[in-house]
Amino acid sequence: MAGSYNARATESLQEGFRLPVVKLVRAGRMDGDLLAVMQANTRTPLSNWGDLNGQLNALDLGERRLGALLDQYGEGVVRGAFAALSDRAARMMEERIAALPDGDYAFEDFLDNDGIEDAPLRIALDMRIRGGRMLLDFSRSAPACQGPLNISRATAIACCYVAPRHAFPEVPANAGVLRPVAFAIPEGSILDAPPPHPMGGYTETILRAIGVVFGALAKADPARATAAIARAAGFANVITGDLGGTSLDVSLVTGGEMQLAPQASIDYGLVVRLPMIEIATIGAGGGSIARVDAGGLLQVGPESAGSRPGPVCYGQGNTRPTLTDANLVLGRINPDRPIGGALARLDVEAARAALREHVGAPLGLSPEAAAEAVLRVANAKMAGAIRLVSIERGHDPGEYALLPFGGGGALHVGALIREVGLRAALVPRFPGVTSALGCVIADVRHDQVRTVNLALEGLDPAPLAALLAEEGAAARAVVAGAGLPLERIETRFALDMHYAGQTHSIAVPLPEDAPQRLSEALVAEAFEAAYRREFSRLLPGLPRRIVSLRTAAIGRRPAFDLGLLAPGPEASLAAAGRGARPVWFEGAWRETPVLARLELSVGAAIEGPAILEEPDATIVVDPGLAARVDPLGNLVIERL
């Protein structure tokens, strides 16, 4: 029973207060004597009372709703409807499994130990996909252990349900989901432990079991699996932030798709009417120079020291403090281990002197207070860029996770979570080279636009369908001619349309097979759906016009196994420790643990304040935040 658990139990009989299956509620009334016995044997009676009431209320609501359905339609109809829903889920799941490449995919993870024996415990999965069927074989997993990390077979199957449900969220959530899925979970293993093996600490094992299913899916379909991991972690949407030496580049990813702008402005307000990824850029990078202006206000950027001469601490001739110098003076950056390896050491005293002269003296601040002020101004500018791509365009940042990369992005995640109200941060395994990794694994895309200027009413679909086919073939030829290995080329069509008299148009997506079945009705239906999404209402009675045709050909690159980046079995929280050092937080020095980020095991959890170092970046976990390592080695940072 929750709240009575003994963490050192080596068999189920030692795991705390145990009850056989008994009836707690009879005829709608709770058994007060039984409840009193339960509450007297737990350290958390109020929490248990709340849990029990929540479960009972949910059951009561379900019973009432089911009764209402039975009263309205009768038992036969309701049973038939339930069976039809289950059959539909099974068909949809089978179709989605069939769309994955046939093959055998393996993934494994480890628990450090069971608290009794100091030996790693393997959770291993061999996934076999054939047609629309999937076998999840856990036979290579560790046997049941002495410590309380075992789980039951039913719990293991529930873990298998979680991954496909998040990988294919459009499939209805019912028992039909698992009909095309078979299981091999050996009895006597850590995933099907017989009595009296203890099971009280099963949470870590559940996370590993879910993680290996995601990991195997990542090998079968990396794009879908990584999006599924983000959804399972509660991050359907992401705001990217690339912080380098001179700037911060921010972009929005909603539902796994980058936001494309139909046009952009360059120097002197010149408009380029070509689709491109929508990115907001501000002058707030590691080399951005801090100064006090003529009005006595502290400014950070847009002027930058760049990489040469770089920040003052580089010792290459710059004398004006930068954002990197501020982070160094506050203890956030390790002076003895500069990222990149090109410099032997960073000059803390030179950075402190520059901050004292150029910021502290004009404002009457100590070097530490001056450095903190520089960070606050820079963080405010970064927060403004995030608001520009989110709040000012109708997106709630509380529904988004920040994905910081570049050498300096992860230094500022805590402040940005607080200032913007972001849900969390998702720090990739190698933040400093994430852009380079993207260039290697990104799909190839070619966009082209053709003006058509047609009225929708009375549209002759044949010429437009022929144009779609012609433009699609031309775009695919460009992608195929790139000379890169591709698995397939997809074609996407969209029409720029508006009501007559409007000066703005909206993008109206068409299905990929539009050239074969184009009609006035299909275009009208697509326009109404797109216009309603954009403006929540239609303008009936007004004529509609087609301005231009947009065609995109996307060459899908061979799958990259992101699981290769995950920590190995040798990783552990204990091995990652690198001592501690003073770090400045909120006006005071705090002794702060330092860890080697790449040596943390999957599932490792760290409460702030903490500094996590790796060769290409430094990650700051502020007080009030906590970080955990996900199955692919990413770091999820959330509020406590």
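Residues numbered from 1 in each chain as written. Predicted model: local features only at pLDDT ≥ 70, side-chain atom pairs only at ≥ 80, totals over all residues. Heavy atoms only, no water.

Engineer: Tell me about the overall build of the protein, and name the residues and values.
Structural biologist: Of regular secondary structure, the protein possesses 15 helices and 29 strands. Counting over 640 residues, the protein shows a buried share of 46%. Across the protein, contacts joining residues at least 24 apart in sequence account for 64% of those joining residues at least 6 apart. Carbon and sulfur atoms provide 56% of the accessible area of the protein, an area that totals close to 30500 Å². Averaged over its 60 positive side-chain charges, the protein has a centre that lies 2 Å from the centre of its 72 negative ones. (Helix = DSSP H or I, 4+ residues; strand = E, 2+ residues; numbered from the N terminus. Buried < 20%, exposed > 50% of the residue type's maximum accessible area, 1.4 Å probe, protein only. Contact = heavy atoms within 4.5 Å. Areas by Shrake-Rupley, 256 points an atom, 1.4 Å probe, with all protein chains shown as cover. Lys, Arg positive; Asp, Glu negative; His and termini not counted. Charge placed at Lys NZ, Arg CZ, Asp CG, Glu CD.)

Engineer: I'd like a description of the sheet that holds strand E23 (residues 577–585), backed by residues and values.
Structural biologist: Pairing is mixed across the open sheet formed by 4 strands, whose spatial order is E23-E24-E26-E27. At either end of the open sheet lies a strand with only one pairing partner, and these are E23 and strand E27 (617–621). Across the sheet, the axes of successive neighbouring strands diverge by a mean angle of 30 degrees, strand direction being ignored. Strand direction decides the pairing type here: E23 and strand E24 (residues 588–596), joined by 7 bridges, are antiparallel. Of the residues in E24, the one forming a bridge with Arg-581 is Thr-592. (Pairing = 2+ DSSP bridges. Axes fitted to C-alpha atoms, helices over the stretch in contact; angles between N-to-C directions.)

Engineer: Got a sec to walk through the packing of aromatic side chains? Specific residues and values, please.
Structural biologist: With the rule as written, the count across this model stands at 4 aromatic pairs. Ring geometry for Tyr-499 versus Tyr-531: centroids 4.9 Å apart, planes at 80 degrees, classification edge-to-face. Taken together, the positions of Tyr-499 in strand E20 (residues 488–499) and Tyr-531 in helix H14 (residues 520–535) put the pair 32 residues apart, joining distant regions of the chain. Comparing Tyr-499 with Tyr-531 shows no difference in burial state: the two are buried. (Phe/Tyr/Trp six-rings, centres within 6.5 Å; stacked < 30°, edge-to-face > 60°.)

Engineer: Tell me what's going on with the sheet that holds strand E21 (residues 506–510), and back it up with residues and numbers.
Structural biologist: The antiparallel open sheet is built from 4 strands, whose spatial order is E19-E22-E20-E21. Lying at the two open borders of the sheet, with one neighbouring strand each, are strand E19 (444–455) and E21. Shown here is a sheet whose adjacent strand axes are inclined to one another by a mean of 25 degrees, direction ignored. Bridge count between E20 and E21: 5 bridges; the pairing is antiparallel. Bridge pairing links Phe-493 to Leu-510 in E21. Seen against the sheet, helix H12 (residues 461–480) touches E19, E20, E21 and strand E22 (544–556) and runs at an angle of roughly 160 degrees to E19. Sheet strands in contact with H14 are E20, E21 and E22, and its direction is about 135 degrees off that of E21.

Engineer: Outline the pattern of salt bridges, listing residues and values.
Structural biologist: Under the definition given, this model contains 36 salt bridges. Here Arg-418 and Glu-586 are joined by a salt bridge, their closest N and O atoms 3.8 Å apart. Residue Arg-418 is found in helix H10 (residues 413–420), and its partner Glu-586 is found in the loop between E23 and E24; the two are separated by 168 residues along the sequence. For Arg-418, a relative accessible area of 43% corresponds to the partly exposed category. The class of Glu-586 is exposed, set by a relative accessible area of 57%. (Salt bridge = Lys/Arg side-chain N within 4 Å of Asp/Glu carboxyl O.)

Engineer: Kindly report on the side chain of Asn-150, identifying the contributing residues and their values.
Structural biologist: By the secondary structure assignment, Asn-150 is in the loop between strand E5 (133–137) and helix H4 (153–167). Given the relative accessible area of 0%, Asn-150 is considered buried. Setting aside its immediate chain neighbours within four residues, Asn-150 contacts Ala-144, Cys-145, Ile-190, Ala-193, His-197, Pro-198, Met-199 and Tyr-202.

Engineer: Outline the packing of helix H1 (residues 32–40) against helix H2 (residues 45–73), listing residues and values.
Structural biologist: Look at H1 against H2: their axes get within 9 Å of each other, and the N-to-C directions meet at 135 degrees. With respect to each other, H1 and H2 are oriented oblique. The two elements H1 and H2 meet at a crossing, and its hand is right-handed. Packed against H1, whose contacting residues are Leu-35, Met-38 and Gln-39, the element H2 presents Pro-45, Asn-48, Trp-49 and Leu-52 at the interface. In the contact of H1 with H2, the residues fall into 5 nonpolar, 2 polar and no charged. (Parallel < 35°, antiparallel > 145°, perpendicular 65-115°, else oblique. Left-handed = near helix turned anticlockwise from the far one by under 90°. Nonpolar A, V, L, I, M, F, W, Y, C, P; charged D, E, K, R; others polar.)

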